[in-house]
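One letter stands for each residue in the lines below.
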Amino acid sequence: MNIPLSGPDITSKEIEAVVSVLKTKYLSLGPKLTLFEEKFAQYIGVKYAVALNSGTSALHLCVRALGIHDGDEVITTPFSFVASTNCFLFERAKPVFVDIDPDTLNIDEDEIEAKITKKTKAILPVHVFGYPANMKKIRQIAKKHNLYIIEDACEAIGAEIGGRKAGTFSDCAVFAFYPNKQMTTGEGGMLVTNNRKIAETARSLRNQGRDSMAWLTHNRLGYNYRLSDINCALGLAQLDRISQLLSKREKIALKYKNALADIDEIILPPLTSKSVKRSWFVFVIRLKDDFSSKQRDELIELLKANGIGCNVYFPTIHLQPYLKEYGFKKGDFPITEAVSERTIALPFFNNLADNEINYVVKQLKVNILKVKK
Ligand SMILES: Cc1ncc(COP(=O)(O)O)c(C=O)c1O
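Analysis parameters
- Residues numbered from 1 in each chain as written.
- Predicted model: local features only at pLDDT ≥ 70, side-chain atom pairs only at ≥ 80, totals over all residues.
- Heavy atoms only, no water.
- Helix = DSSP H or I, 4+ residues; strand = E, 2+ residues; numbered from the N terminus.
- Buried < 20%, exposed > 50% of the residue type's maximum accessible area, 1.4 Å probe, protein only.
- Contact = heavy atoms within 4.5 Å.
- Areas by Shrake-Rupley, 256 points an atom, 1.4 Å probe, with all protein chains shown as cover.
- Near = heavy atom within 4 Å.
- Polar contact = N/O pair within 3.5 Å; in protein donor to acceptor, adjacent residues only side chain to side chain.
- Nonpolar A, V, L, I, M, F, W, Y, C, P; charged D, E, K, R; others polar.
- Salt bridge = Lys/Arg side-chain N within 4 Å of Asp/Glu carboxyl O.
- Pairing = 2+ DSSP bridges.
- 1 Å grid on protein atoms, 1.4 Å probe; cavity = no way out; pocket = protein on both sides within 12 Å on 5 of 7 lines; lining within 4 Å.
- Points joined across faces, edges and corners; volume = space filled by probe spheres on them.
- Axes fitted to C-alpha atoms, helices over the stretch in contact; angles between N-to-C directions.

J.: For this particular structure, what's the right way to read the overall build of the chain?
T.: Check the secondary structure of the chain and you find 11 helices and 13 strands. A principal-axis box enclosing the C-alpha atoms of the chain has dimensions of 70 × 55 × 40 Å. Expressed as a percentage of its 373 residues, the buried residues of the chain come to 55%. Sequence-distant contacts, at least 24 apart, represent 70% of the contacts inside the chain between residues at least 6 apart. Counting every atom, the chain has about 16500 Å² of accessible surface; 53% of that belongs to carbon and sulfur.

J.: How should I be thinking about the site of the ligand in this particular structure?
T.: Taken together, the neighbourhood of the ligand is formed by 14 residues, with Gly-55, Thr-56, Asp-152, Glu-155 and Lys-181 sitting nearest. One of the side-chain N or O atoms of Thr-56 is found 2.5 Å from an oxygen atom in the ligand. Glu-155 places a side-chain nitrogen or oxygen 2.6 Å from an oxygen atom of the ligand. Examining the composition of the shell around the ligand, we find that three residues originate from one element, helix H3 (residues 55–65), more than from any other. Per-class residue counts for the shell around the ligand are six nonpolar, five polar and three charged.

J.: Explain the pattern of salt bridges to me, please; I cannot follow it from the model alone.
T.: Two side chains that carry opposite charge are able to pair once their charged atoms sit near each other. For the coordinates displayed, the defined rule picks out 22 salt bridges. Between Asp-9 and Lys-248 there is a salt bridge, with the nearest N and O atoms lying 2.8 Å from each other. With Asp-9 in the segment before helix H1 (12–22) and Lys-248 in helix H8 (residues 242–260), the pair connects residues that are 239 residues apart, well separated along the chain. Note on Asp-9: relative accessible area 6%, which makes it buried. One salt bridge connects Asp-211 with Arg-220, and the closest N-O pair in it is separated by 2.9 Å. One network of salt bridges, with partners in common, ties together Asp-9, Glu-14, Arg-241 and Lys-248.

J.: Before we go on, may I ask you to explain the pairing of strand S1 (residues 48–52) in this structure?
T.: A regular strand carries its side chains on alternate faces of the sheet. Taking burial as the measure, the five residues of S1 include four buried ones, the bulk of the element. Summarising the sheet, S1 and strand S9 (residues 189–193) pair through five bridges and their orientation is antiparallel. In the strand pairing of S9, Val-50 is matched with Leu-191.

J.: When you look at empty space enclosed by the protein in this model, what are you seeing that I'm missing?
T.: The gaps left among the atoms become clear once a water-sized probe is rolled over them. In total, this model carries three cavities of 30 Å³ or more according to the counting rule given. Quantified by volume, the largest cavity comes out at close to 90 Å³. Lining the largest cavity are 13 residues, and of these Asp-103, Leu-105, Pro-269, Pro-270 and Val-284 lie nearest its centre. Here the second largest cavity is characterised by a volume of approximately 50 Å³. Residue lining of the second largest cavity: Gly-7, Pro-8, Asp-9, Pro-179, Lys-181, Gln-182, Met-183, Thr-184, Gln-238, Arg-249 and Asn-350, and that is the complete set. When the residues that make up the lining of the second largest cavity are grouped by side-chain class, the tally is three nonpolar, five polar and three charged.

J.: Just to check I follow, could you spell out the sheet that holds strand S6 (residues 160–161) for this structure?
T.: Two orientations exist for strands paired in a sheet by backbone hydrogen bonds: parallel and antiparallel. Pairing is antiparallel across the open sheet formed by three strands, whose spatial order is S7-S6-S11. A single partner strand is all that each edge strand has here, and the edge strands are strand S7 (164–165) and strand S11 (276–277).

J.: Before we go on, may I ask you to explain the environment of Gly-158 in this structure?
T.: Relative to the elements of secondary structure, Gly-158 occurs in the loop between strand S5 (148–152) and S6. The exposure class of Gly-158 is buried, given its relative accessible area of 3%. Distance in space between the C-alpha atoms of Gly-158 and Asn-2 is 30 Å, their sequence separation being 156 residues. Residue contacts for Gly-158: discarding those within four places in its chain leaves Tyr-43, Lys-165, Leu-246, Lys-277 and Ser-279.

J.: Can you help me understand the environment of Tyr-313 in this one?
T.: Note that Tyr-313 resides in the loop between helix H9 (293–305) and helix H10 (334–340). For Tyr-313, a relative accessible area of 18% puts it in the buried group. On a C-alpha basis, the gap between Tyr-313 and Lys-23 in space is 41 Å, while along the polypeptide they are 290 residues apart. Residues within four places of Tyr-313 in sequence aside, it is in contact with Phe-79, Phe-129, Glu-155, Phe-281, Val-282, Val-284, Thr-343 and Ala-345.

J.: Just checking my understanding: could you explain the sheet that holds S9 for this structure?
T.: One open sheet accounts for seven strands, arranged S1-S9-S8-S5-S4-S2-S3; its pairing is mixed. Across the chains shown, the open sheet's two edge strands, defined by having one partner strand only, are S1 and strand S3 (94–97). Averaged over all neighbouring strand pairs, the angle between strand axes comes to 25°, with direction disregarded. As defined by bridge partners, strand S2 (residues 73–76) adjoins strand S4 (residues 120–124) across four bridges and the pair is classed as parallel. In the sheet register, Ile-75 faces S4, and the bridge partner there is Ile-123.

This is the structure we're talking about:
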C-alpha cells in the first residue's frame, strides 16, 4: 500500500467552478472574490471577511492592522506551525511563549497572566489541530489587561465553543486553505473581523496599500497578498459543501479512534465535548512518556517504509534554528517539548478508505512493539 499523509477532496463541482472563471474576463479582483468573502463571513458569523493568498499573509495583516510593531510583545504558543509566530516577527515584535495544556495541546490559559509586561500588546492563541483554545478565559485576560487577541483558526474551520464558531472570539481571526486543510483554495487564507477599520486596512494592505479606486495612489506600505478569482471559485465550491467535508473527516477520526483504542502505548486526540466541538484537521497520536523521541522517529521511519505517509507534528517553534537570537533553550517549555518529541500525524483525508485505516492501525501495532524493545 501507499497511503499519503493528506489530500484534498475535489469533485466535478470544484473543477467546473474553476473552469467557469477561466471563461470570464475576471481572473482577479472580480465577482468571485466578493462572493467568497460574503459567504465566508456569513458562515463564520462575522461582519467582514478579507480573502488573502495565504494564512500567513492573513496573520501578517492582522498584526499590521492592529499596529503591532518594533519591541511590542505578543504572547503565544510554541506548539504551532511557525507562521503564527512569524507574523509578528515580520514587524519586529517579540515572541513571549507560554507552555501548553497537555490534554488539549493549546496554550495553557492559566500561565498567560504571569507573562504580561508593559510591552505586551496581544495574545495570539492557536486552535491546534482544530481543537479550540479556552477563549473564554483568554478574553477575560485580554479585557483585564487591555490586550488585542489575534485568533489563529487556520486549522479550525467549523470548530465551535458553546455553539459559537472559532474565529469569532477575537479582534481578528485567520483561516487557511492549503490543500491539507479541511477546505482548500489551492493556496489561500481569510482574515475575519467585526471591526470595519481592520477589514478596510487589510483590504488596502493586500492590494499594495491602495485605499480606493485610485489605482496608482498608495496610502500605506502594502503588499500583493491578493487571492485570484480562480482560487475564490474553488473556495466557494468547497464552502458550499463544508458541512459534508467536515462530517467526512469526523467519521474517519472516529474510525481511527475506535480502531486504536486498545493500543496502550499511545494517547489519542481529544474528541468533541459538551461545550467544545472540534474540527478535524489532522489525526495526531502521541506515544506515552516512556518512549523517547528517537523511538518515535524510528517508528515513523518504519511506517514510511511500509508505505504510510506520516510525520512529526509539530516540531517546537522556540527551538527552531532561526530563532537562536532570542536565547530560547531546551527545557524552556517542558510540556511542549515532551509532546512534540512523541507526536505522529497519521494519514488523514476525506477519502481515506476503511482498508487503508485498518492497514495503518495494523502497521502501527506491529511496529510499536518493534521500537519498544
Ligand atoms: C496554525 C497555522 N497557522 C498558520 C498557518 C499558515 O497558513 P498558510 O500555509 O496558508 O500560510 C498554518 C498552515 O499550515 C497553520 O497550521
